[in-house]
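Coordinate analysis (summary)
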Amino acid sequence: MTPSPTPHSRQAWSVLIVSTLAFTVCFMVWMMFGVIGIPLKKELGLNATQFGLLTATPVLTGSLVRVPLGIWTDKYGGRIVFTLLMAVTVPAIWLMAYATEFWHFLVIGLFVGLAGGSFSVGTPYVARWFPKQRQGMAMGIFGAGNSGAAVNKFVAPALVVAFGWTMVPQVYAAVMLGTVILFWLFSHHDASHLVPSHTRFVDQLKALKDPTVLKYCQYYSIVFGGYVALSLWMVQYYVGEYGLDIRVAALLAACFSLPGGVLRAIGGWLSDKYGAHTVTWWVMWVSWICLFLLSYPQTDFTIQTVEGPKTFHIGLNVYAFTALMFVLGIAWAFGKASVFKYISDEYPKNIGTISGIVGLAGGMGGFILPILFGALLDVTGIRSSAFMLMYGVVWVSLIWMYLTEVRRHDVLKHNPDTRSA
């Protein structure tokens, strides 16, 4: 008799749930500087470029380790790799509370940033527990752990105001330790999910020469890299642009971070139903519109009329700005899921390696963009220059997609069974 599929299905959902929880905590830790960086900026006397470097440093390590972590996940399994990765970050998170100099934070931040590599472990780990037609959904639910960026914005400001910024890393270290224990207890291992042991490291890295992989890297550099960068940048943007208290600024910034994480699961479902290409195409166009509007700086101009000079003001108020960021967060949530649906469709035997490479590109976007945001702000004095930069990146993605995909697809056409709906 064939064994019942129920135990395996139960294990699959247990793996998905506990992996999503672990990724949420890792992402919360990864985004820690987005909040505690504000009091540190005052305490250390940092300029905008230095602040960008401070917030981006953990993102660098989390990005660089994604390729090896994806390969190790293929070879050794997600359970052991994920557990060890989280355990290694606990001492570094705790030590953050005792740092006093700028270089201290940069060095410790490099070790804390290892938590960001968890995405390249969890993505292939959870995907292989589900059939192909449900992998988009599974990866979307796991990817909803990006909402850890929003959790950070709810938790960290309250701790900063009540106890000072040093309490944040202490609490986060305890939370991470508890997560390591829970993950080990409720996750599972399946040897059939491993890449054969004769597969060489060099063979897997050959994917870097694939132009299709490079294209997906470009897509992900905006939908994930931009998401990470803005999650780090938005609290101080609200404080500087609109003069808000750190708690109110963090709450409004969460209007971008929360849908950008939670709704990734819906993006996975949409990608399963309509295809990765269709979802990604519309994501890019929505991003283009939002970033165009967000790029316009606060402007006063005077014109001569028959009654004399009149001055007009053009600029987004805090409500319109937050609404556009909310829409942008939703679009990028769908885009993060659709890019990885591309990967599961086209590279089913090599998900770990390809997801690691694409994740590296997205993470590097999250590292480079905050530094460029700060540099542009120091040079131009225009805060919305951050959105101008990302507007240009979206243009590159749209042009690349049109040249390689749109001319061969009808993005308005759905499946024959749903077209009339």
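Residues numbered from 1 in each chain as written. Predicted model: local features only at pLDDT ≥ 70, side-chain atom pairs only at ≥ 80, totals over all residues. Heavy atoms only, no water.

An unreviewed UniProt entry annotates the chain as Nitrate transporter of Tepidimonas fonticaldi. According to its UniProt record, the chain has this under Subcellular location (unreviewed entry): "Membrane". Here is the UniProt Sequence similarities (unreviewed entry) comment for the chain, exactly as written: "Belongs to the major facilitator superfamily. Nitrate/nitrite porter (TC 2.A.1.8) family." (UniProt positions renumbered as here; feature names shortened; annotations may be inferred.)

Considerations on the nonpolar core
Grouped burial of nonpolar side chains is what soluble globular proteins tend to show. Ranked by size, the top nonpolar core spans 129 residues in total, and within it Leu230, Trp332, Val358 and Phe387 carry the most contacts. Residue-level mapping places this core at the junction of two domains, with at least three residues from each of domain 1 (9-188) and domain 2 (199-415). (Core = buried A, V, L, I, M, F, W, Y, C linked by side-chain atoms within 4.5 Å. Buried < 20%, exposed > 50% of the residue type's maximum accessible area, 1.4 Å probe, protein only. Domains from an automatic or database assignment.)

Remarks on the packing of helix H2 (residues 33-44) against helix H9 (residues 148-163)
As a packed pair, H2 and H9 sit with axes 9 Å apart at the nearest point and diverge in direction by 30°. As far as their axial angle goes, H9 and H2 are roughly parallel. Across from Val35, Ile36 and Pro39 in H2, the residues of H9 making contact are Asn152, Lys153, Ala156, Pro157 and Val160. A class-by-class count of the residues in the contact of H2 with H9 yields six nonpolar, one polar and one charged. (Axes fitted to C-alpha atoms, helices over the stretch in contact; angles between N-to-C directions. Helix = DSSP H or I, 4+ residues; strand = E, 2+ residues; numbered from the N terminus. Parallel < 35°, antiparallel > 145°, perpendicular 65-115°, else oblique. Contact = heavy atoms within 4.5 Å. Nonpolar A, V, L, I, M, F, W, Y, C, P; charged D, E, K, R; others polar.)

Side note on the state of the cysteines
The final tally for this structure, using the stated rule, is zero disulfides. Of all cysteine sulfurs, the one in Cys290 lies closest to Cys255, which takes part in no disulfide; the gap is 14 Å. Residue class for Cys290 comes out buried when judged on its relative accessible area of 4%. (Disulfide = S-S within 2.5 Å.)

So, the pattern of salt bridges
Enumeration according to the criterion identifies seven salt bridges in this entry. Linking Arg383 and Glu241 is a salt bridge whose minimum nitrogen-to-oxygen distance equals 3.4 Å. Here Glu241 lies in helix H13 (residues 225-242) and Arg383 lies in the loop between helix H18 (351-380) and helix H19 (385-404), a separation of 142 residues in the sequence. Two residues, Lys341 and Asp345, come together in a salt bridge whose shortest N-O distance is 3.3 Å. Within this pair, Lys341 and its partner Asp345 are both found in helix H17 (residues 318-346), separated by four residues, close to a single helical turn. A residue is classified by how much of its surface remains accessible, and Lys341, at 6% relative accessible area, is buried. With relative accessibility at 31%, the residue Asp345 sits in the partly exposed group. (Salt bridge = Lys/Arg side-chain N within 4 Å of Asp/Glu carboxyl O.)

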